[in-house]
Amino acid sequence: MIILKTRKKLMCMLIAVMLCCFMFMTAGATVEDTLPAETTEAAAEGEAAVLTIGAAEDTAEGSESSLDVYLDSCPDCDGEGACYECEDCGFSGICATCEGTGEIDVRTTASSNYFAKFWALIPPIIAIALALITKEVYSSLFVGIVVGGFLSANVFSSGFSFTTAMDYIINDGLIAAVSDSAGIFIFLVLLGIMVALINKSGGSKAFGDWAVKNIKSRAGAMIATFVLGVLIFIDDYFNCLTVGSVMRPVTDSHKISRAKFAYLIDATAAPVCMIAPISSWAAAVASYAEEGQGLRLFIQAIPFNYYSLLTFVFILAIVFFKIDFGPMKLHEMNAMLHGDLYTEGEKAENIDENKGNPKGKVIDLILPVVFLIVACVFALVYNGGILDGASFIDAFSNTDATVGLPWGALIALVITMVYLMLRRIISLKGAMESIPEGFKAMVPAITILTFATALKNMTGLLGAKFFVADLMNGAAAGLANFLPAIIFLVACGLAFATGTSWGTFGILIPIVTAIFPADTNILVIG
């Protein structure tokens with residue numbers, strides 16, 4: 001009992017130290033971080049300045065600032081200001097839509113009466129409310145999409161057309177979501193196929209058998225689960241499927257409850273993907289953010305991703321200090337004293353999830369993962385222009401993850417198939433059978449991503465980002481500094497209610513990027 005109390009005190013001290021570090025690290029994100037350079041220089045010279053989210057202008061220009069948030073690139077000339085160019089004389093025709101400025105006031109071209117008004121936030125609000133009430137993400141997101149389509153078609157006006165609403169829902173919502181996320185879909189399916197191949201080859205079982213022989217303690221089994229989860233950072237589904245099948249025999253042999261085992265896997269899989277630029281999560285975030293800045297924002301936000309970093313610290317503290325509390329303590333005590341790994345819930349003792357070729361070896365698990373990582377890194381920097389003279393850092397920052405990741409995964413999959421067939425541990429028929437198996441394993445992730453992206457498209461049609469930007473246009477600096485904390489709390493509640501981080505990304509990232517100005521620390525933190 002004394003030892004347990006000492007461990008709890010040490011845990012509390014550790015949490016206090018981490019909170020102090022958190023406060024010191026975030027102290028650097030001051031009001032000045034939210035301002036463009038010219039604004040801070042003006043303040044230093046004693047000139048009056050007004051802080052606006054997205055722009056900082058002199059008070060004499062205040063009447064124009066409300067219009068600036070509604071300016072967007074002209075769709076007819078792609079922001080060029082010219083619609084055509086004569087090859088003989090080089091004359092560029094002035095775009096009639098924007099009159100050569102390259103920008104238009106989006107309110108003048110909006111088809112919906114609810115554009116850039118509070119109604120634009122109704123679809124995500126409904127999705128959030130339903131998710132909190134029903135604890136079910138698919139229907140919540142779908143209802144939000146339908147509401148967005150009907151609002152885009154002016155549902156409460158005499159000019160409402162059901163067919164127009166359906167066009168918005170299908171064409172601008174779901175079909176556009178699939179086309180915009182096609183690269184991530186391909187990547188997820190390829191990862192699912194890789195998992196199926198590794199399991200069929202016996203590589204997962206071979207690694208599990210090796211671990212059972214060489215890991216001698218409960219703590220060692222838990223740390224090995226954690227480390228393997230960190231190493232497989234490409235995708236959380238890939239992580240869970242691989243680590244779960246590989247380490248289950250090890251944790252079972254050391255009487256680690258299934259509840260604790262599930263916690264170790266889940267608390268490692270998502271957090272490591274959230275701080276790994278070469279992952280499906282990076283591609284998802286990049287697809288939700290503004291074009292060209294998604295992966296850069298993802299990388300810049302890694303040092304501020306305290307959830308992921310502190311989760312790793314908590315896992316290690318829980319393992320080494322042997323701290324269990326609440327229902328987890330009951331599960332662990334029951335597993336250690338009575339050998340009952342479940343305590344409650346459905347048992348699946350008769351399911352053999354490690355079926356595979358008995359000739360499989362540990363290398364048959366390691367090499368495919370290495371192939372995948374190397375191929376994806378090369379594909380990302382290639383897509384970023386490294387062969388055109390760009391440095392590795394610049395190429396990685398400027399790449400398109402939705403193109404690079406499936407590019408690399410396809411190469412890795414082909415190499416893995418050839419390797420396993422040359423090893424004669426899997427046949428061509430067995431390799432082909434892995435394709436539908438891998439697709440089925442990734443259907444939940446693909447469905448959520450489709451609905452989340454479609455909801456983002458609906459809020460885009462209604463001009464939600466312009467409404468939010470205008471709403472925050474006159475916000476005080478103090479409110480701006482509190483917004484990341486408010487967004488964090490909203491994201492926590494939404495993710496907890498829906499059970500999906502990707503759905504949370506789809507709802508909140510477009511709103512956050514509209515609130516904060518580009519190229520500022522406050523945007524990265526938010």
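Computed from a prediction, not measured in an experiment: that's the story for all the values here. (Residues numbered from 1 in each chain as written. Predicted model: local features only at pLDDT ≥ 70, side-chain atom pairs only at ≥ 80, totals over all residues. Heavy atoms only, no water.)

A. Representation of the overall build of the protein in the model. What the protein contains, in helices and strands, is 24 helices and six strands. Across the 526 residues that make up the protein, the buried fraction comes to 47%. Of the contacts formed within the protein by residues at least 6 apart in sequence, a portion of 74% connects residues at least 24 apart. In the form shown here, the protein has an accessible surface area of approximately 25,600 Å², with 65% of it arising from carbon and sulfur atoms. (Helix = DSSP H or I, 4+ residues; strand = E, 2+ residues; numbered from the N terminus. Buried < 20%, exposed > 50% of the residue type's maximum accessible area, 1.4 Å probe, protein only. Contact = heavy atoms within 4.5 Å. Areas by Shrake-Rupley, 256 points an atom, 1.4 Å probe, with all protein chains shown as cover.)

B. Region of the structure containing helix H11 (residues 258-274). For H11, which comprises 17 residues, the first-to-last C-alpha distance of 24 Å matches the rise-based estimate of 24 Å (1.5 Å per residue) to within 8%. H11 sits mainly inside the fold: 13 of its 17 residues count as buried. (Expected span 1.5 Å × (residues − 1).)

C. Representation of the pattern of salt bridges within the structure. With the rule as written, the count across this model stands at eight salt bridges. A salt bridge links Glu-332 to Arg-218, with the nearest nitrogen and oxygen atoms 2.8 Å apart. Note that Glu-332 is positioned in helix H15 (residues 327-338) and Arg-218 in helix H9 (residues 218-231), a separation of 114 residues in sequence. Note on Glu-332: relative accessible area 1%, which makes it buried. Judged by its relative accessible area of 22%, Arg-218 falls in the partly exposed class. Here Lys-260 makes a salt bridge to Asp-324, at a shortest N to O gap of 2.9 Å. Residue Lys-260 is located in helix H11, and its partner Asp-324 is located in the loop between helix H14 (306-321) and H15; the two are separated by 64 residues in the primary sequence. (Salt bridge = Lys/Arg side-chain N within 4 Å of Asp/Glu carboxyl O.)

D. Representation of the packing of aromatic side chains in the model. Under the definition given, this model contains 12 aromatic pairs. Note on Phe-226 and Phe-312: the rings are 5.7 Å apart at their centroids and 70 degrees apart in plane angle, and the pair reads as edge-to-face. Of this pair, Phe-226 sits in helix H9 while Phe-312 is found in helix H14, placing the two residues 86 residues apart along the sequence. A relative accessible area of 13% means that Phe-312 is categorised as buried. Ring centres of Phe-378 and Trp-407 lie 6.0 Å apart, and the angle between their planes is 50 degrees; on these two criteria the pair is classed as tilted. Taken together, the residues span a long stretch of sequence, with Phe-378 in helix H16 (residues 363-383) and Trp-407 in helix H18 (residues 401-422) at a distance of 29 residues. Grouped by ring-pair contacts, the aromatic residues Tyr-114, Trp-119 and Phe-156 constitute a single cluster. (Phe/Tyr/Trp six-rings, centres within 6.5 Å; stacked < 30°, edge-to-face > 60°.)

E. Broad picture of the packing of helix H7 (residues 182-201) against helix H19 (residues 428-441). Where H7 meets H19, the axes come as close as 7 Å, and the angle between the chain directions of the two elements is 130 degrees. Between H7 and H19, the interaxial angle falls into the category oblique. When you trace H7 past H19, the crossing you get is right-handed. Seen from H7, the contacting residues are Val-189, Gly-192, Ile-193, Ala-196, Leu-197 and Lys-200; seen from H19, they are Gly-430, Ala-431, Glu-433, Ser-434, Ile-435, Glu-437, Gly-438 and Phe-439. Counted by class, the contact of H7 with H19 contains seven nonpolar, four polar and three charged residues. (Axes fitted to C-alpha atoms, helices over the stretch in contact; angles between N-to-C directions. Parallel < 35°, antiparallel > 145°, perpendicular 65-115°, else oblique. Left-handed = near helix turned anticlockwise from the far one by under 90°. Nonpolar A, V, L, I, M, F, W, Y, C, P; charged D, E, K, R; others polar.)

F. A look at the nonpolar core. Within the largest apolar cluster, 89 residues are counted, with the highest numbers of intra-cluster contacts made by Ile-145, Leu-197, Phe-238, Met-247, Leu-372, Leu-405 and Trp-502. Element by element, the count of residues in this core is highest for H7, at 12 residues. Not counting residues up to four positions away in its chain, the partners in contact with Met-247 are Phe-207, Ile-215, Ala-221, Ala-224, Thr-225, Leu-228 and Phe-261. Within the second largest apolar cluster, eight residues are counted, among which are Tyr-114, Leu-462, Ala-464 and Phe-467. (Core = buried A, V, L, I, M, F, W, Y, C linked by side-chain atoms within 4.5 Å.)

G. Up close: the environment of Ile-487. Considering the arrangement of structural elements, one finds Ile-487 in helix H22 (residues 477-498). Relative accessible area serves as the criterion here: at 14%, Ile-487 is assigned to the buried category. Remark: the alpha-carbon pair of Ile-487 and Ile-511, spanning 24 residues in sequence, is separated by 10.0 Å.

H. Expanded view of unusual backbone geometry. Even without being a glycine, Asn-154 presents a positive backbone phi close to 60 degrees. Structurally, Asn-154 is set in the loop between helix H5 (137-152) and helix H6 (162-180). In this structure Asn-154 comes out as buried when scored by relative accessible area, which is 12%.

I. Region of the structure containing a nonpolar patch on the surface. Taken together, the side chains of Phe-378, Tyr-382, Leu-387, Val-403, Trp-407, Ile-411 and Ile-415 present a nonpolar region at the surface, about 630 Å² in accessible area. For the nonpolar patch, the secondary-structure elements that each account for two or more residues are H16 and H18. Considering each element in turn, the nonpolar patch owes the most residues, four residues, to H18. Along the chain, Leu-387 turns up in the loop between H16 and helix H17 (392-397). (Patch = residues over 30% accessible without salt bridge, like charges linked within 9 Å, V, L, I, M, F, W, Y side chains within 5 Å.)

J. Structural context of the environment of Tyr-382. Looking at where Tyr-382 falls in the secondary structure, it is placed in helix H16. In this structure, the C-alpha to C-alpha distance between Tyr-382 and Ala-395, residues 13 residues apart in sequence, is 7.3 Å. Once residues lying within four places of it in the same chain are set aside, the contact partners of Tyr-382 are Leu-387 and Trp-407.

K. Region of interest: the confidence of the model for the protein. Residues at a pLDDT of 70 or more form 71% of the protein, whose mean pLDDT is 77. When pLDDT is averaged over each element of the protein, H9 comes out on top at 94 and strand E1 (residues 50-52) at the bottom at 33. Of the regions scoring below 50 in pLDDT, residues 1-67 engages in 66 contacts with residues more than four places distant in sequence or in other chains. (pLDDT = per-residue confidence, 0-100.)

L. Broad picture of H14. For H14, with 16 residues, the first-to-last C-alpha span of 21 Å sits near the 22 Å given by 1.5 Å per residue. Restricting attention to buried positions, one finds in H14 the residues Tyr-306, Ser-308, Thr-311, Phe-312, Ile-315, Ala-317, Ile-318 and Val-319. Following H14 by one or two positions, Lys-322 adopts a phi angle in the positive range, close to 55 degrees.

M. Local environment of the side chain of Asp-324. Note on Asp-324: relative accessible area 19%, which makes it buried. At a separation of 2.9 Å, a polar atom in the side chain of Asp-324 contacts the side chain of Lys-260. Excluding residues that lie within four positions of it along the chain, Asp-324 makes contacts with Lys-260, Ile-318, Lys-329 and Glu-332. (Polar contact = N/O pair within 3.5 Å; in protein donor to acceptor, adjacent residues only side chain to side chain.)

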